[in-house]
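What follows is each chain in one-letter form.
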Amino acid sequence: MKVGLFIPCYVDAVYPEVGVATYKLLRHLGLDVVYPEKQTCCGQPMANAGFEKQAIPLAENFDDKFNGFEYIVSPSVSCTAFIRLNYPRLLNHQCESAKHCMDVVEFLHDVVKVDRRLGTFPYKVSLHNSCHGVRELGLSSPTEQHVAKFNKIKDLLELVDGIQVVEPERPDECCGFGGMFSIEETAVSAQMGRDKVERHIQTDAEYVTGPDCSCLMHMAGIAKKQGLNIQFKHIVEILAAGL
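Residues numbered from 1 in each chain as written. Predicted model: local features only at pLDDT ≥ 70, side-chain atom pairs only at ≥ 80, totals over all residues. Heavy atoms only, no water.

Draft legend 1. Spotlight on the pattern of salt bridges. Per the counting criterion, the structure on display carries 13 salt bridges. Linking Glu 52 and Arg 89 is a salt bridge whose minimum nitrogen-to-oxygen distance equals 2.9 Å. Of the two residues, Glu 52 sits in helix α4 (residues 52-65) while Arg 89 sits in helix α5 (residues 77-91), which places them 37 residues apart along the sequence. On the basis of relative accessible area, Arg 89 is assigned to the partly exposed category, the value being 46%. Residue Glu 237 pairs with Lys 233 through a salt bridge whose shortest N-O separation is 3.9 Å. Looking at Glu 237, the relative accessible area reads 17%, which means it is buried. (Salt bridge = Lys/Arg side-chain N within 4 Å of Asp/Glu carboxyl O. Helix = DSSP H or I, 4+ residues; strand = E, 2+ residues; numbered from the N terminus. Buried < 20%, exposed > 50% of the residue type's maximum accessible area, 1.4 Å probe, protein only.)

Draft legend 2. Just the nonpolar core, in detail. The biggest cluster of nonpolar side chains holds 61 residues, and the ones touching the most others in it are Leu 26, Tyr 87, Leu 108, Leu 157 and Leu 239. Here this core takes 8 residues from α5, the largest share from any one element. Counting residues in hydrophobic clusters, the runner-up holds 11 residues, among them Phe 177, Cys 215, Leu 216 and Ile 222. (Core = buried A, V, L, I, M, F, W, Y, C linked by side-chain atoms within 4.5 Å.)

Draft legend 3. Highlighting the sheet that holds strand β2 (residues 32-34). One open sheet accounts for 4 strands, arranged β2-β1-β3-β4; its pairing is parallel. If you trace the sheet from one side to the other, it starts and ends with β2 and β4 (101-103), each paired once. Along the sheet, successive strands turn relative to each other by an average axial angle of 35°, direction set aside. Of the pairings in the sheet, the one linking strand β1 (residues 2-5) to strand β3 (residues 71-74) comprises 3 bridges and is parallel in character. By the bridge assignment for β3, Gly 4 is matched with Ile 72. Contacts from helix α2 (residues 16-28) reach β1, β2 and β3 within the one sheet, and its direction differs from that of β1 by about 175°. Along the sheet, helix α7 (residues 104-112) contacts β1, β3 and β4; its crossing angle with β4, the most-contacted strand, is approximately 95°. (Pairing = 2+ DSSP bridges. Axes fitted to C-alpha atoms, helices over the stretch in contact; angles between N-to-C directions. Contact = heavy atoms within 4.5 Å.)

Draft legend 4. Local environment of α5. Taking 1.5 Å per residue, 15 residues should reach 21 Å; α5 reaches 21 Å between its end C-alpha atoms and fits that length. With 11 of 15 residues buried, α5 lies mostly within the body of the structure. Every buried residue of α5 is accounted for by Val 77, Ser 78, Cys 79, Thr 80, Ala 81, Phe 82, Ile 83, Asn 86, Tyr 87, Leu 90 and Leu 91. One side-chain oxygen of the residue at the start of α5 lies 3.2 Å from the amide nitrogen of Cys 79, identifying that residue as Ser 76. Of the residues trailing α5, Asn 92 is marked for its positive phi of about 60°. (Expected span 1.5 Å × (residues − 1). Polar contact = N/O pair within 3.5 Å; in protein donor to acceptor, adjacent residues only side chain to side chain.)

Draft legend 5. Seen up close, the packing of aromatic side chains. For the structure on display, the rule yields 10 aromatic pairs. Measuring from centroid to centroid gives 4.9 Å for Phe 121 and Tyr 207, while their planes differ by 65°, and the two rings are edge-to-face. Separated by 86 residues along the polypeptide, Phe 121 in the loop between α7 and β5 (124-127) and Tyr 207 in strand β7 (residues 207-210) bring together distant segments of the chain. Of the residues examined, Tyr 207 reaches a relative accessible area of 9% and is grouped as buried. Joined through ring pairs, the aromatic side chains of Phe 6, Phe 62, Phe 66, Phe 69, Phe 82 and Tyr 87 make up one cluster. (Phe/Tyr/Trp six-rings, centres within 6.5 Å; stacked < 30°, edge-to-face > 60°.)

Keep in mind these values describe shape, not function.
As structure tokens, then:
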């Protein structure tokens, strides 16, 4: 299958290693991966700030650059959710690219159905479920719905040798980042982040992992400011470790 790789702007600018790991992992699994040049921000920051009209040209550019791919894969649940749920409305048509856009976790779990051993990561890792992943992309079961428990992130991590996966208390509670929320409600966002990091610390994990760099960045900043001995890695970095 032909896969278009979408690397969101904050991954490209702040966590390029996550983009590299995503490409490396997909190629390791035998997929035909193409990185379309001149791709840009998906427009989520503008739309979340109330400037949806400024997001429309970016949506049009995305639709043009990724038109024709069987799947469009991205290491970002928030950007993927924004594209899939909002592009058809912003562009006022069905938008084929939006229908084919998937987060890397759901793509590997639901489409590729990876069932072979992946990398090696001999550490205790606490799993972070980002809100967009839980409630918009269905990567794990939301506790408020009282449905049978599942977690696609955990399923993939269990394919890694040497890893010990744990979950914090209140596993799908928000970390407080929320994009514009962290700017408009700084004090609330920071306190939610401190609470979430503390719950991860209580698991005695050496690392925290999840499917969205923005959440990990928020918590990593809090942990660094407090001098806490815990590290943060996107799930694709762990899945690709040692390949």
